Amino acid sequence: MRHERCRICAQPIRPFMSLGRQPIGNAFLKSPADFAKEYFFELAPAHCAHCATFQIVEIPAPEQMFHDHYAYFATTASTVMTAHFARMAEEATARFLAGPDPFVVEIGSNDGITLRNFAHKGIRHLGVEPSANVAEAARANGVATLTAFFNPETARAIRAQHGPADLFIATNTMHHIEDTNGVAEGVAALLGPEGVMISEDPYLGDMIEIGAYDQIYAEHMYIWSITAMNNAFGRAGLEVFDVARNRHHGGCMRYHLGRKGVHAPTDAYREALAHENALGLHRPETFERFRADCERARARLTELVRDLRAKGKTVAGYGATAKSATILNWCGLSPDDIAYISDTTPAKQHSFAPGSHIPVVPPQRFAQDPPDFAVLFAWNHFAEIEAKEQAWRAKGGQWILPIKGVQVV
Ligand code: SAH
Ligand code: TYD
């Protein structure tokens, strides 16, 4: 259903662009027999002038996206992210879990990438993860996991059974849940008086700056900023008191939230908020510029790939990311343009990419049938992948970076 009002504050909103008809980014298709019944919706982002929340106006039902065959397994997606979350768990334990018998809740806990660090230390924890297959993978890793959508009812049930949470984690998850107000209400119900929520996901400021329009897809229905997080969680009596930026996934912001007035705001928070205000995220011109950047990137990528194909060069894709669905479908690229997409995730292999129907294959194919050019859809893991593909690079293989500017490197 297409929304005419902001999902957070209910003020009227209007999309500033359309990324066209799009499938669900992680809905890989097992066989050509599935092509005819594929689900599409219009991917159109808007920015709420009232509460500053960046959102898409039409969102598929959650059960269509998060189910027993969800394709994203966080632990297999990147070793760098696995190390990043281990570090986060260590820092959060030292900073926020000093009391006796602490309790940690994580939503979008996926295959246990973060919670297993708490589980291995014997810290009480509970993951809340609606995608049954990844939840099962977490349990197999020794991570206590409830297969459920987090909402105020789940929150109250967890509190009744386990008591208040000292730490509540949501990494790369707040942009996956349509009912943000419900999550905020749930967090407020579940956290102890001094409890802390850590949320981390791609930062709106970075997305605009690097023209990473591929961060926008069905499962990424919001792109958060400090101002928007404060406005959304402020409705439930919570506020951001500390932040930290990192370069993962093209630029993420980590938000620390607590009950209003309990945790003193840090200098890092004040500085990042001042920087955010200077970015002009509240101005319509900022989003007009972003739209123009995206349109230039689309024109350049399609021209470049078709030009290379016309010259007899081979082009493959690297990383069957959810992000790639936005690019491939908006640019109208097909298996004639991009022969295959190589991906390390077993659940994505031997399938067809949503919408574009480009075959997704294991990395062995990339090794045996190396392309002249590879569109790096997993551009956010550039360093990790560049290190891994030195042999191909040495033989002249070149990357095409598909976002802003579209570079060949
Ligand atoms: N935290 C991991 C995984 C992020 S993917 C990481 O940072 O890499 C987002 C996850 O959120 C998916 O596993 C999805 O199934 C889950 N999710 C979606 N809706 C949810 C909800 N309402 N409550 C809890 N988890 C949800
Ligand atoms: P990610 O960037 O988290 O993507 P998104 O959130 O857009 O789906 O996932 C990276 C994808 O790239 C994942 O499917 C695994 C794949 N990948 C490879 O195939 N090879 C690699 O070396 C790396 C790091 C990732």
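These figures come from a predicted structure and were not determined experimentally. (Residues numbered from 1 in each chain as written. Chains lettered and ligands numbered in written order. Predicted model: local features only at pLDDT ≥ 70, side-chain atom pairs only at ≥ 80, totals over all residues. Heavy atoms only, no water.)

Summing up its helical and strand segments, the chain has 15 helices and 19 strands in all. Expected size for 409 residues packed as a compact globule is a radius of gyration near 22 Å; at 21 Å, the chain falls within 12% of this value. Its C-alpha atoms give the chain principal-axis dimensions of roughly 65 × 45 × 40 Å. The 409 residues of the chain split such that 59% are buried. Once local pairs closer than 6 in sequence are excluded, the contacts in the chain between residues at least 24 apart make up 69%. Carbon and sulfur atoms form 54% of the exposed surface of the chain, whose accessible area is close to 16200 Å². When the 39 positive and 45 negative side-chain charges of the chain are each reduced to one mean point, those points stand 3 Å apart. (Helix = DSSP H or I, 4+ residues; strand = E, 2+ residues; numbered from the N terminus. Rg over C-alpha atoms; globule rule 2.2 N^0.38 Å. Buried < 20%, exposed > 50% of the residue type's maximum accessible area, 1.4 Å probe, protein only. Contact = heavy atoms within 4.5 Å. Areas by Shrake-Rupley, 256 points an atom, 1.4 Å probe, with all protein chains shown as cover. Lys, Arg positive; Asp, Glu negative; His and termini not counted. Charge placed at Lys NZ, Arg CZ, Asp CG, Glu CD.)

Here we take up the nonpolar core. Core analysis: the biggest nonpolar cluster contains 110 residues, and F168, F233 and Y255 have the highest contact counts within it. The dominant element in this core, judged by the number of residues it contributes, is helix 11 (residues 284–310), at 8 residues. Here this core gathers at least three residues from each of two domains, domain 1 (65–279) and domain 2 (285–408). F168 has contacts with V105, I107, F150, V187, L190, L191, V196, M197 and I198, leaving out every residue within four places of it along the chain. (Core = buried A, V, L, I, M, F, W, Y, C linked by side-chain atoms within 4.5 Å. Domains from an automatic or database assignment.)

Turning our eyes to something else, we now look at the site of ligand 2. The environment of ligand 2 is made up of 20 residues, and the closest members are A322, D343, K348, N380 and K388. Between ligand 2 and D343 there is a distance of 2.7 Å, counted from an oxygen atom to a side-chain nitrogen or oxygen. Taken by itself ligand 2 offers 560 Å² of open surface, and the protein chains cover 96% of this. Tallying contributions element by element places helix 14 (residues 382–388) first for the shell around ligand 2, with 3 residues. Looking at the shell around ligand 2 residue by residue, the classes come out as 7 nonpolar, 8 polar and 5 charged. In terms of domain composition, the shell around ligand 2 takes at least three residues from each of domain 1 (65–279) and domain 2 (285–408). (Near = heavy atom within 4 Å. Polar contact = N/O pair within 3.5 Å; in protein donor to acceptor, adjacent residues only side chain to side chain. Nonpolar A, V, L, I, M, F, W, Y, C, P; charged D, E, K, R; others polar.)

Attention now moves to the packing of aromatic side chains. Inspection of every chain in the model, using the stated rule, returns 14 aromatic pairs. Between F150 and F168 the ring centres are 5.2 Å apart and the planes differ by 55°, which places this aromatic pair in the tilted class. Of this pair, F150 sits in the loop between strand 7 (145–146) and helix 6 (152–162) while F168 sits in strand 8 (residues 165–171), placing them 18 residues apart in sequence. In this structure an aromatic cluster arises from ring pairing among F16, F54, F287 and F290. The ring of W379 has K323 sitting right over it, with the charged end atom 5.9 Å from the ring centre. (Phe/Tyr/Trp six-rings, centres within 6.5 Å; stacked < 30°, edge-to-face > 60°. Lys NZ or Arg CZ within 6 Å of the ring centre and 35° of its normal.)

The domain boundaries assigned to the chain delineate domain 1 (65–279) and domain 2 (285–408). Just the C-alpha atoms count here: the centres of domain 1 and domain 2 sit 29 Å apart. Contacts between the two partners involve 24 residues from domain 1 and, on the opposite side, 21 residues from domain 2. Of the roughly 2000 Å² buried between domain 1 and domain 2 on both sides combined, carbon and sulfur atoms contribute 65%. Here domain 1 is connected to domain 2 by 0 salt bridges. There are 6 residue pairs in polar contact (both at pLDDT 80 or more) connecting domain 1 and domain 2. Listing elements by their share of the side of domain 1 that touches domain 2, those giving two or more residues are helix 2 (74–77), helix 3 (79–96) and helix 8 (204–210). For the side of domain 1 that touches domain 2, the element with the highest residue contribution is helix 8, accounting for 5 residues. Of the residues in the side of domain 1 that touches domain 2, the class split is 15 nonpolar, 7 polar and 2 charged. (Buried area = accessible area lost by both parts, 1.4 Å probe. Salt bridge = Lys/Arg side-chain N within 4 Å of Asp/Glu carboxyl O.)

A separate point is helix 7 (residues 180–190). For helix 7, a buried count of 8 out of 11 residues is recorded, marking the element as mostly surrounded by other parts of the structure. Taken together, the buried positions of helix 7 are T180, G182, V183, A184, G186, V187, A188 and L190.

Moving on, we get to the sheet that holds strand 13 (residues 315–318). Strand order in the open sheet made by the 7 strands is 15-16-14-13-17-18-19, with mixed pairing throughout. This sheet does not close on itself; its edge strands, each paired only once, are strand 15 (351–352) and strand 19 (407–408). Both strand 15 and strand 16 (residues 359–361) contribute to a ladder of 2 bridges, which runs antiparallel. Counterpart to S351 in the pairing with strand 16 is V360. Contacts between helix 11 and the sheet are confined to strand 13, strand 17 (373–376), strand 18 (398–401) and strand 19, with strand 18 contributing the most and set at about 150° to the helix. (Pairing = 2+ DSSP bridges. Axes fitted to C-alpha atoms, helices over the stretch in contact; angles between N-to-C directions.)

Let us look at the packing of helix 11 against helix 12 (residues 322–331). At their nearest, the axes of helix 11 and helix 12 sit 10 Å apart, and the two run at 75° to each other. Our classification of the angle between helix 11 and helix 12 gives roughly perpendicular. Listed contacts from helix 12 to C294, E295, R298, L301, T302 and R306 of helix 11 are I327, W330 and C331. Here the contact of helix 11 with helix 12 is composed, by residue class, of 5 nonpolar, 1 polar and 3 charged. (Parallel < 35°, antiparallel > 145°, perpendicular 65-115°, else oblique.)

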